[in-house]
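# What the coordinates show
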Amino acid sequence: MSGRPALLTEDEITAALTALPDWTREGDSITRTVEASSFPAAIRIVDSIAVTSEQMDHHPDIDIRWRTLRFVLLTHSEGGLTSLDFTLAGKIDEAVRAGA
Ligand SMILES: C[C@H](O)[C@H](O)[C@H]1CNC2=NC(N)=NC(=O)C2=N1
């Protein structure tokens, strides 16, 4: 018993992705790549997401290459996608909108 929400069904994942057009399914995860305006802007986005993910106790995998950020979301403890990933994806979209 991990205390995490249950894995979503394929239909639920498809429906959730239509509301998040910048995100792509990749196996057991969803991913988004963002090009920020500069390296400091990229780090500000990451810093803001650090606060959000601590509040959620749900953390993205983040690859930082100069000003390109790649986010990969899944619920490790469940081995796939749960509602937490889609909530976090929406919050990452907000941080990108505010900070890129
Ligand atoms: C102990 C702690 O609650 C867990 O390790 C949390 C933390 N953040 C997490 N983040 C993600 N993305 N998946 C998890 O399963 C997860 N588990």
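In short, a report on the structure. As the structure is a computational prediction, the values presented were derived from the model and not from experiment. (Residues numbered from 1 in each chain as written. Predicted model: local features only at pLDDT ≥ 70, side-chain atom pairs only at ≥ 80, totals over all residues.)

### Quick word on helix α3 (residues 83–99)
Because each turn of an α-helix spans 3.6 residues, side chains separated by three or four positions in sequence point in the same direction. Let me state the cut-off plainly: Here a strand is any run of E in DSSP of at least two residues, a helix any run of H or I of at least four, and the numbering for each starts at the N terminus. Expected helix span is taken as 1.5 Å per residue step, with the number of steps being one fewer than the number of residues. Working definition of burial: number of other C-beta atoms within 10 Å of the residue's own, with buried at 20 or more, exposed at 12 or fewer, and partly exposed in between, all C-beta atoms being placed from the backbone. The directions considered for the arc are those from the helix axis to the C-beta atoms.
Helix length check: α3, at 17 residues, gives a terminal C-alpha distance of 24 Å against a target of 24 Å (1.5 Å per residue), a fit within 8%. For α3, the full list of buried residues reads Asp85, Phe86, Leu88, Ala89, Ile92 and Val96. Mapping the buried residues of α3 onto a view down its axis gives an arc of 160 degrees, with all of them on the same face. Away from its buried face by more than 90 degrees, α3 exposes Glu94, Arg97 and Ala98.

### Observations concerning the nonpolar core
The criterion, for reference: Think of a nonpolar core as buried Ala, Val, Leu, Ile, Met, Phe, Trp, Tyr and Cys residues chained together by C-beta atoms that fall within 7 Å. Contacts here follow a simple rule: the backbone-placed C-beta atoms of the two residues must lie within 7 Å.
Grouped together as the largest cluster of nonpolar side chains are 16 residues, with contacts concentrated most on Ile30, Ile45, Leu69, Leu73, Ala89 and Ile92. Those elements that place two or more of their residues in this core are α2 (39–56), β4 (68–73) and α3. Considering every element that reaches this core, the biggest residue donor is α3, with 5 residues. Setting aside residues up to four positions removed in sequence, Leu69 forms contacts with Val34, Ala36, Ala42, Ile45, Val46, Ile62 and Ile64.

### A word on α2
Under the 1.5 Å per step criterion, the end-to-end length of α2 is 26 Å for 18 residues, consistent within 8% with the ideal 26 Å. Within the span of α2, buried status applies to Ala42, Ile45 and Ile49. For α2, the buried positions fall inside an angular range of 60 degrees around the axis, keeping them on one side. Relative to its buried face, α2 has exposed residues pointing more than 90 degrees away, namely Pro40, Asp47, Val51, Glu54 and Gln55. Among the structural elements, β3 (61–65), β4 and α3 are those in contact with the buried residues of α2.

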